[in-house]
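Spelled out from the first residue to the last, the chains are:
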Amino acid sequence: MALHFQAQELEDQLTRLFEAAGSLAPEARAVASNLVLANLSGHDSHGIGMAPRYIDAIVEGGLSPNSGVRVHTDHGMLLGLDGQRGFGQIVGTQAMEHAFERVRRHGACIFSLSHAHHLGRIGHFAEMAVERGWISLHFVNVRSRPVVAAWQGGDGRFGTNPCCIGIPMGLGADRREPFVLDFATSRVAQGKMRVAHNKGQSVEPGTLIDEHGHPTTRPGVVVVPQSNGRYGALMPFGEHKGFGLAVACELLGGALSGGGTWHQEPNDHRSVYNGMLGIVIDPHALGSAESFSAEALAFVDWLKASPDAPGTDGVKLAGEPERAARLQRRTCGIEVDENTWAEIVTSGAKVGLKI
Ligand code: NAD
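Just so it is clear, the model here is predicted, and its values are computed rather than measured.

## With respect to the pairing of strand E2 (residues 70–75)
And then number 1: Note that E2 and strand E3 (residues 78–82) share 5 bridges and pair antiparallel. Along E3, the bridge assignment pairs Val71 with Leu81.
And then number 2: Between E2 and E3, which follow one another and run antiparallel, lie 2 residues, and Gly76 among them has a positive phi close to 70 degrees.

Here it is in structure tokens:
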């Protein structure tokens, strides 16, 4: 059975949870609000269901509440940042603010961010940039239990390595909703398997292999250890091409940032670290803001003029589904399955809080 909450109610409960785990009030509120926004955006995989994992990571010592980003390398429009194992929602936002200051000065910024604890929904950071009229690209690796198989590989070797591109649409009075492409390079996000497993659902064929490398539709293979003590794995999206992009995210987000790549046997640590390469560009600084805007709008209008394919509701641009979900869920509330809620209640007990 599912429970229903209003967003504010969930944000308040999670704020109490993170405060009980040691976060100062503004940090607790910011992390809670970020997670609830993921639920509002339709991405329950990156919403409040992550909170128990964060609490375990704090208890385990892998996530440090009240940490901030440290600038370790500064060459004007190039910045090297260390997230110092702080909440990704906090150090990721601070990283973007550092980048924005450089974009104002130099027109663009390339930054790396290492040792951030889970950054959550990467689109959140792209949305911060497009709000300012800037383009934002993100290549991210995940250091945690390796849940994604290499193309033609038979076990998990790396994480769900998300990639995100935010592009503002139009200028001044012609401003439209932005393009925000934000996805895991696995067929689906690992968190979606947790949600499906908690709901007792099976998943699309072609999404998963089991602990022996055989195809399966049971999401539990990547959520709980299997008969031989090992897990199954998610497949990369887009066959060899998606796999290539996942590797690029590992190399750019992990190796280039200094946060590190994954090349070890799986462990049961609860912390999840992200490394990110971010690139933020002001189109005005390239001298093409006017034509960029005109050409972008012309292309989008051309796409939207396509007739609906039979049985579909027509062409959408990345970012539209999340905005539609926000409208709907802000009004109708957020559904939380019983298992997810029970995990949150248990987490509260771990830090002495009755939820
Ligand atoms: P998804 O498959 O639901 O959607 C991906 C993208 O496709 C979005 O930009 C969305 O706007 C767009 N989209 C969806 N339907 C569309 C349609 N019909 N037409 C056009 N565009 C459409 O996303 P996902 O792969 O499950 O990822 C979910 C979230 O998980 C993302 O926010 C991602 O950043 C996050 N994530 C984070 C980590 C981490 O370690 N921090 C790891 C993996 C994923």
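Moving on, there is more to tell.
## Topic: the site of the ligand
And then number 1: Every one of the 22 residues lining the ligand counts as a neighbour, but Arg121, Asp182, Lys192, Gly319 and Glu322 are closest to it.
And then number 2: Residue Ala184 places a main-chain N or O atom 2.8 Å away from an oxygen atom belonging to the ligand.
And then number 3: Here the ligand, which alone exposes 870 Å², has 79% of that area covered by the protein.
And then number 4: Those elements that provide at least two residues to the shell around the ligand are strand E9 (176–183) and helix H9 (320–332).
And then number 5: Top element by residues in the shell around the ligand is E9. It accounts for 4 residues.
And then number 6: Counted by class, the shell around the ligand contains 10 nonpolar, 7 polar and 5 charged residues.
And then number 7: Domain assignment of the residues forming the shell around the ligand places at least three in each of domain 1 (1–66 + 306–355) and domain 2 (69–186 + 237–303).

## A closer look at the domain arrangement of the protein
Quite often, the size of an interface is put as the accessible area lost when its parts meet.
And then number 1: Taken as a whole, the protein is organised into domain 1 (1–66 + 306–355), domain 2 (69–186 + 237–303) and domain 3 (196–235).
And then number 2: Using C-alpha coordinates to define each centre, domain 2 is positioned 28 Å away from domain 3.
And then number 3: Buried surface at the junction of domain 2 and domain 3, both sides included, amounts to about 810 Å², of which 52% is carbon and sulfur.
And then number 4: Here domain 2 and domain 3 share 0 salt bridges between them.

## Describing the packing of helix H4 (residues 88–106) against helix H5 (residues 123–131)
And then number 1: Two numbers describe how H4 lies on H5: the axes approach to 10 Å, and their chain directions differ by 30 degrees. Relative to H5, H4 is oriented roughly parallel. As H4 runs across H5, the sense of the crossing is right-handed. Judged by residue contacts, Gly88, Gly92, Thr93, Met96, Glu97 and Phe100 of H4 engage Phe125, Met128 and Ala129 from H5.
And then number 2: Residues belonging to the contact of H4 with H5 are distributed by class as follows: 5 nonpolar, 3 polar and 1 charged.

## Some thoughts on the pattern of salt bridges
And then number 1: Enumeration according to the criterion identifies 16 salt bridges in this entry.
And then number 2: The partner of Arg70 in a salt bridge is Asp82, with the nearest N and O atoms 3.5 Å apart. Note that Arg70 is positioned in strand E2 and Asp82 in strand E3, a separation of 12 residues in sequence.
And then number 3: A relative accessible area of 12% places Asp82 in the buried class.
And then number 4: When the shortest N-O distance is used, the salt bridge between Arg105 and Glu101 registers 2.9 Å. With Arg105 and Glu101 both in helix H4 and 4 residues apart, this pair spans about one turn of that helix.
And then number 5: For Arg105, a relative accessible area of 53% translates into the label exposed.
And then number 6: Glu101 sits in the partly exposed class, given a relative accessible area of 29%.
And then number 7: A single network of salt bridges, built from pairs that share partners, joins Asp74, Glu101, Arg102 and Arg105.

## Considerations on the sheet that holds strand E8 (residues 163–169)
And then number 1: Spatial ordering of the open sheet is given by E2-E3-E4-E13-E5-E8-E9, a layout of 7 strands whose pairing is mixed. Across the chains shown, the open sheet's two edge strands, defined by having one partner strand only, are E2 and E9. Across the sheet, the mean angle separating the axes of adjacent strands is 10 degrees when strand polarity is ignored.
And then number 2: Sheet topology note: the E8/E9 ladder contains 6 bridges and is antiparallel. When the sheet's bridge partners are listed, Met169 is paired in E9 with Arg176.
And then number 3: Across the face of the sheet, H4 comes into contact with E2, E3, strand E4 (108–117), strand E5 (135–143) and strand E13 (273–281) while running at roughly 165 degrees to E4.
And then number 4: Here helix H7 (residues 239–255) sits on the sheet and contacts E5, E8, E9 and E13; the angle it forms with E5, its principal contact strand, is near 90 degrees.

## Regarding H9
And then number 1: In a regular helix each residue adds 1.5 Å, so 13 residues correspond to 18 Å; H9 covers 18 Å between its end C-alpha atoms and thus fits that length.
And then number 2: Looking only at H9, the buried set comprises Glu322, Ala325, Arg326 and Arg329. Down the axis of H9, the buried side of the element spans an arc of 105 degrees, and every buried residue falls inside it. The exposed residues of H9 that point more than 90 degrees off its buried face are Leu327 and Thr331.

## Looking at H7
And then number 1: Relative to the 24 Å expected for 17 residues at 1.5 Å per residue, H7 spans 23 Å between its end C-alpha atoms, a close match to the ideal helical length.
And then number 2: When H7 is considered as a whole, its buried residues turn out to be Gly242, Ala246, Cys249, Glu250, Gly253 and Gly254. Buried residues of H7, viewed axially, fall in a sector of 100 degrees; they line one side.
And then number 3: Among the structural elements, E5, strand E7 (156–158), E8 and E13 are those in contact with the buried residues of H7.

Criteria and cut-off values
- Residues numbered from 1 in each chain as written.
- Predicted model: local features only at pLDDT ≥ 70, side-chain atom pairs only at ≥ 80, totals over all residues.
- Heavy atoms only, no water.
- Pairing = 2+ DSSP bridges.
- Helix = DSSP H or I, 4+ residues; strand = E, 2+ residues; numbered from the N terminus.
- Near = heavy atom within 4 Å.
- Polar contact = N/O pair within 3.5 Å; in protein donor to acceptor, adjacent residues only side chain to side chain.
- Areas by Shrake-Rupley, 256 points an atom, 1.4 Å probe, with all protein chains shown as cover.
- Nonpolar A, V, L, I, M, F, W, Y, C, P; charged D, E, K, R; others polar.
- Domains from an automatic or database assignment.
- Buried area = accessible area lost by both parts, 1.4 Å probe.
- Salt bridge = Lys/Arg side-chain N within 4 Å of Asp/Glu carboxyl O.
- Axes fitted to C-alpha atoms, helices over the stretch in contact; angles between N-to-C directions.
- Parallel < 35°, antiparallel > 145°, perpendicular 65-115°, else oblique.
- Left-handed = near helix turned anticlockwise from the far one by under 90°.
- Contact = heavy atoms within 4.5 Å.
- Buried < 20%, exposed > 50% of the residue type's maximum accessible area, 1.4 Å probe, protein only.
- Expected span 1.5 Å × (residues − 1).
- Arc of directions from axis to C-beta.

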